[in-house]
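# Reading the structure
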Amino acid sequence: LPISQWKGRALTRVTSCVPLVIMGDFEAYDQESAVQYDEDGYAEVETAEEGPCGKIGGGFCKCFMGFIGLPLSLYMLGWNEQQSVCQSNAFIYAQENVKNHYSGASCTSLGAQEGPAFLDCPVTQYENFTLASMNDRMGDTDFGKAISVPAAAISQTVEMYQCEETKSYQKRDKTTVEIYHYEPRWSSVPVPSSQFSQSVAAVQARQRGCPGVQNNPSWPPNLAENTVPKYANFLKAGQFRITESLLASSDSSGFGPIEPVNLQPFANNFPKTAVLPSQGTSITKSNVAVQGDYLVTCTSQVQVGCIRVSFKQASPTNVKAITNLGPGLETTPISIPSFWGCKARDWEAAVGSVGRGAQKGVTMNNFVDELHSTNGTQTNLLRLLGLLMCWFSVYCCFGPLTAAADIFGDALDCIPCIGGQLESIFEGMVECVLCLVSCTAGFACGTTVIAIVWIYMRPAWGIGLFVAAAVLVCASLYFAKSNQKENSGRKRVIEPEYSDEEH
């Protein structure tokens, strides 16, 4: 048959063996057989499976990754245990040293003193955020002042409608299929179309998925890319000034901007119909309009190059905090002294909430209990993640073995009729054994590091648990050995019995 009529994987295997013989007709096959298109911008390109040398090389690369990943995973586990203990020490120290409590009427009454304090006060003043404060390159223009949102924190998300390329791989028998997909989508970062695949298959798929688009437009120079969160420089709760450092603290919560900002009250500040600006020009007050919760440059038909801007805010009505009150009743971190295994550091925490009803009966002890609970949950999640990373790292160390098993499986596949089944069974068994071995070894390494850190950070608990575990192991070995001796003592030689006739 002519080469152009060869179908499927047979041609792929032949091309990998004798490429010079059929190189001239490969383009026809590439366009007619190996590449499949549809009307949604997909293209599938078949490529031959890696050879033995490539698989061995990939196996050693995985092994190298495993040798790098295992120490990093163990370090993360040890760091997590240390941070958990240091956080608990900070909570306990603050709880024992905070003497001033302010809630209710005392939030606004005179006589508040400087020093460590617990606050439970309603918010009395927010900071006003504008487009100019969210975009440094916008400047103090009418457009920058057209929107003003009072909040404790706000985030701005700028998105452009762009053509995006996605590339995935599928394994089909001995063939690897590259799948290109092109589709216009909203993206908060520039998508460089110059990095798109320029193969015949990809270009034709792009023409179907993003018709009429040659390149994605450049980003407007006066709008920040991606999502930009910002916290208030100060927030007033009663007579106290809550600073940005407290709002943005890793131990604070309730100040993350998650509530969408309704832009309809600002609709009259903009035209009714937006005009898509020229590529590379700035967005101005005259070419945007309010549409729902978005500030858009396309009010009718969405096309590649359209811009939309949205905002989210955090506007808590009440603030609970353990902090230090400095001059002007401004919050500053509490100085935590060094403890065994923990360095001296600054610490403070706050929780913002909506409504006073949920805050009734909340004391500093309840607040500290919440901090301990959150710290414990985070520690357990990182423990689990670290142990899984140890498992995966040890599995990667067996990369050369998996590659060798794959090569041997390819040899089994050459057996007529049952080769494919034998390959699947053999490779599946090897994968199962290596997963079990790597799981055991990885978890053993991880738990050993956790135990060592506990012995160092909490000697009383760590050594006690270690001794208890050692006693249990020794007791198990003792009973096993005793049982073995008892069974051996009961053994007796059984004499053969003879019948009278044999005598």
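Reference entry: report on the structure contained in this document.

Rules of the game
Residues numbered from 1 in each chain as written. Predicted model: local features only at pLDDT ≥ 70, side-chain atom pairs only at ≥ 80, totals over all residues. Heavy atoms only, no water. Helix = DSSP H or I, 4+ residues; strand = E, 2+ residues; numbered from the N terminus. Buried < 20%, exposed > 50% of the residue type's maximum accessible area, 1.4 Å probe, protein only. Areas by Shrake-Rupley, 256 points an atom, 1.4 Å probe, with all protein chains shown as cover. Expected span 1.5 Å × (residues − 1). Disulfide = S-S within 2.5 Å. Salt bridge = Lys/Arg side-chain N within 4 Å of Asp/Glu carboxyl O. Phe/Tyr/Trp six-rings, centres within 6.5 Å; stacked < 30°, edge-to-face > 60°. Lys NZ or Arg CZ within 6 Å of the ring centre and 35° of its normal. Pairing = 2+ DSSP bridges.

Bringing the overall build of the protein into the picture now. Along the backbone of the protein there are twelve helices and 20 strands. For the protein, the residues scored as buried account for 40% of the 503 residues in total. A total of about 28,000 Å² of accessible surface is found on the protein, and carbon and sulfur atoms cover 59% of it.

Another point: unusual backbone geometry. A positive phi is found at Asn-226, a non-glycine position, where the angle reads about 65°. Position of Asn-226 relative to the elements: it lies in the loop between helix H7 (200-209) and strand E9 (227-231).

For helix H11 (residues 419-457), with 39 residues, the first-to-last C-alpha span of 56 Å sits near the 57 Å given by 1.5 Å per residue. Those residues of H11 lying buried are Gly-419, Glu-423, Val-430, Leu-434, Ser-438, Gly-442, Gly-446, Val-449, Ile-450, Val-453 and Met-457.

This structure, assessed with the given rule, holds four disulfides. What pairs with Cys-107 in a disulfide is Cys-121, and their sulfur atoms sit 2.0 Å apart. Between Cys-107 and Cys-121, the S-S torsion sits near -85°, and that sign places the bridge as left-handed. In this pair, Cys-107 sits in the loop between strand E3 (100-103) and strand E4 (115-125) while Cys-121 sits in strand E4, placing the two residues 14 residues apart along the sequence. There is no split in this pair, since Cys-107 and Cys-121 are both buried.

Moving on to the pattern of salt bridges. Per the counting criterion, the structure on display carries eight salt bridges. With a shortest N-O distance of 3.9 Å, Lys-230 and Asp-136 are connected by a salt bridge. Of this pair, Lys-230 sits in strand E9 while Asp-136 is found in the loop between helix H5 (131-134) and helix H6 (142-145), placing the two residues 94 residues apart along the sequence. With a relative accessible area of 28%, Lys-230 lands in the partly exposed category. Judged by its relative accessible area of 70%, Asp-136 is exposed. Across the salt bridge formed by Glu-330 and Arg-241, the nearest N and O atoms sit 3.5 Å from each other. Of this pair, Glu-330 sits in the loop between strand E16 (318-325) and strand E17 (331-332) while Arg-241 sits in strand E11 (residues 240-243); the two residues are 89 residues apart in sequence, bridging distant segments of the chain. A relative accessible area of 30% places Arg-241 in the partly exposed class. Overlapping salt bridges bring together Glu-164, Glu-183 and Arg-185 as one network.

Taken as a whole and judged by the stated rule, the model has ten aromatic pairs. Between Phe-91 and Trp-347 the ring centres are 5.5 Å apart and the planes differ by 55°, which places this aromatic pair in the tilted class. In this pair, Phe-91 sits in helix H4 (residues 52-97) while Trp-347 sits in strand E19 (residues 345-347), placing the two residues 256 residues apart along the sequence. Here Phe-91 matches Trp-347 in class, with each residue buried. Ring plane angle 70° and centroid distance 6.4 Å describe the contact between Tyr-93 and Phe-339, whose orientation is recorded as edge-to-face. Of the two residues, Tyr-93 sits in helix H4 while Phe-339 sits in the loop between strand E18 (334-336) and E19, which places them 246 residues apart along the sequence. The residue whose ring lies beneath Arg-241 is Phe-234, and the NZ or CZ to ring-centre distance is 4.3 Å.

With that out of the way, let us pick up the pairing of strand E20 (residues 349-353). For E20, the tally of buried residues reaches five of five residues, placing the bulk of the element in the interior. Covered by surrounding structure in E20 are Ala-349, Val-351 and Ser-353 together with Ala-350 and Gly-352, the residues of both alternating faces. Sheet topology places E16 next to E20; five bridges connect them, and they run antiparallel. What sits directly across from Lys-320, in E20, is Val-351.

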